[in-house]
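# A look at the structure
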Amino acid sequence: MEPIVLDGRTGEGGGQLVRLACGLAALTCQPVTIQHVRGNRRGGRGGGLKVQHVTSLSWLAKVTDAEVHGLAVGSENLTFKPRRSPAELVQRNFEIEADTDAASALLILQAIFPYVLFAGNDTNEPVVLHIYGGTNVHWSLSYEYFDQVLMPVFEERFGVRVQRELKTRGWNLGPRSRGHIALAVHPVRRGESLKFMPPPRFAYPSSYQVLRVDASIIAPRASHETVQEELGRSLGQVYPDAEIHFEIVEDSGHDTRWSILLVAHSPGGIRWGRDSLFSMPKKLKSTREKFIQRACARLCEALYEETTLGGTVDEFLQDQLVAVQALAEGFSTFPRGRISSQSTDGLVEKLGTIEVRDDTGTRKEKTHEPFGNGSTHTTTARWVASELLPGAEFHQEGDTVKGVGFCVL
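For the structure given in this document, a descriptive report is provided here. (Residues numbered from 1 in each chain as written. Predicted model: local features only at pLDDT ≥ 70, side-chain atom pairs only at ≥ 80, totals over all residues. Heavy atoms only, no water.)

Together, K285, K290, R294 and R298 make up a positively charged patch on the protein surface. Relative to the assigned elements, K290 resides in helix α6 (residues 288-307). (Patch = residues over 30% accessible without salt bridge, like charges linked within 9 Å, V, L, I, M, F, W, Y side chains within 5 Å. Areas by Shrake-Rupley, 256 points an atom, 1.4 Å probe, with all protein chains shown as cover. Salt bridge = Lys/Arg side-chain N within 4 Å of Asp/Glu carboxyl O. Lys, Arg positive; Asp, Glu negative; His and termini not counted. Charge placed at Lys NZ, Arg CZ, Asp CG, Glu CD. Helix = DSSP H or I, 4+ residues; strand = E, 2+ residues; numbered from the N terminus.)

Take a look at the structure:
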């Protein structure tokens, strides 16, 4: 089979394209070639493969017995030809360790997750992963977002079950530290596929009300009280009727390490997350308290802007769901924005009972380039998924997906 050839400069043009393409290639045993790897990342963040890409792809290459060319840090051209399906994964316990502390453990997981998710065996044993790398690093989801937003949505909407534990926190801010996350992934059973489970029917727009906001604060201990007060004040201004719950209040151990996550919850079970990772400047333009006040206010404002869009996902969750939607059986929908979501209630059931034609509102989107609503990460993820899973259909500017019903026999 000739490799599927992707231009790494397309759309978002970064590491997400590499992780998603190789993850789906490993799962489906399709060869893929990526040219101009991370071609939009030249300059400050550099182009080519980074440590976290090499770490995850080396693991995938090993378990799939893949033929690989260009698998090295800095490589701008990569060919990945897997030869073993998830059905052949016998070992059930793995340790995956990046060469640098700054490599994100969560992005390593993102690349290998599709393969592991379908690596079921006859006795339905979980696949246990110990991943060593950063848990709170720039340009990556934090462990808190993974734990409080991404995984609960995977479980509630697709029945994906992943037991997880943060063993050690790892930062790329301040003194480097290597994190450790432990996961037990319960794969989809042999011969079965993922199925979308719509949330209970509820009336729009009441479902967009924010009933509760969970705050996770990892910051220097001496500033905990100030951060809590400022978050409480700022959140009270935009969500006067919402309960505020401090989920985590933890000492970061250094003034260069600040990580704050806010998760808003609606009556209908929608979660919106927004987080911030930063360091306290060595030279403050004003007082420390003023800096904290501005940082908290900006974060609360960003969360408020997300929740007022009227969608069922936040910006960062939407692109993480695309691959699972494309692999699942039947229709699923996660719109971000009030215009699309006005017709969300009952949409999955309606689409499942009508013929999809080009002359109706349910026409299929063209997938030869990044497309649809959402961030460049989301539109690029749709394009990559459609290249590796050409049977997947995208409708309503990509908000609704008809997946291929992938299963391993």
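Moving on: empty space enclosed by the protein. Per the counting criterion, the structure on display carries two cavities of 30 Å³ or more. Estimates place the volume of the largest cavity at around 290 Å³. When residues of the lining of the largest cavity are traced back to their parent elements, those giving at least two are α1 (15-28), α3 (105-117), α4 (143-158) and α7 (315-327). With six residues, α3 is the largest single contributor of residues to the lining of the largest cavity. Surrounding the second largest cavity, Q318, V322, Q325, F334, T378, R382, F394, G398, D399 and V401 form its lining. If you list the elements that add at least two residues to the lining of the second largest cavity, you get α7 and α10 (376-388). (1 Å grid on protein atoms, 1.4 Å probe; cavity = no way out; pocket = protein on both sides within 12 Å on 5 of 7 lines; lining within 4 Å. Points joined across faces, edges and corners; volume = space filled by probe spheres on them.)

Here the largest pocket defines a volume of roughly 980 Å³. L107, H138, W139, S140 and L141 are, among the 38 residues lining the largest pocket, the residues nearest its centre. Elements with a minimum of two residues in the lining of the largest pocket: α1, α2 (51-64), α3, β12 (271-278) and α7. The residue inventory of the lining of the largest pocket, partitioned by class, reads ten nonpolar, 18 polar and ten charged. (Nonpolar A, V, L, I, M, F, W, Y, C, P; charged D, E, K, R; others polar.)

Right, let's talk about unusual backbone geometry for a bit. Of note in this structure, W139 is not a glycine but carries a positive phi near 65°. Topologically, W139 is positioned in the loop between β6 (127-133) and α4. Classification of W139 by relative accessible area gives exposed; the value is 63%. Despite not being glycine, E397 has its phi angle at roughly 55°, a positive value. (Buried < 20%, exposed > 50% of the residue type's maximum accessible area, 1.4 Å probe, protein only.)

Between its first and last C-alpha, α1 extends 20 Å over 14 residues, near the 20 Å set by a 1.5 Å rise per residue. Most of α1 sits out of view: 14 of its 14 residues are buried. Phi turns positive one or two residues past the end of α1, at C29, with a value near 55°. (Expected span 1.5 Å × (residues − 1).)

Read from one edge to the other, the open sheet built from four strands follows the order β10-β9-β11-β12, with strand pairing classed as mixed. The strands lining the two open edges of the sheet, one partner per strand, are β10 (243-251) and β12. Averaged over all adjacent pairs, the angle separating strand axes in this sheet is 10°, with direction ignored. Pairing of strand β11 (residues 258-265) with β12 involves eight bridges; the strand directions are antiparallel. By the bridge assignment for β12, H265 is matched with R271. Docked against the sheet, α4 engages β9 (212-219), β10, β11 and β12, running at close to 160° with respect to β12. (Pairing = 2+ DSSP bridges. Axes fitted to C-alpha atoms, helices over the stretch in contact; angles between N-to-C directions. Contact = heavy atoms within 4.5 Å.)

Relative to the helices and strands, I218 is located in strand β9. In this structure the C-alpha to C-alpha distance between I218 and L277, which are 59 residues apart in sequence, comes to 9.6 Å. Residues within four places of I218 in sequence aside, it is in contact with E144, R169, W171, E250, S252, R257, W258 and S259.

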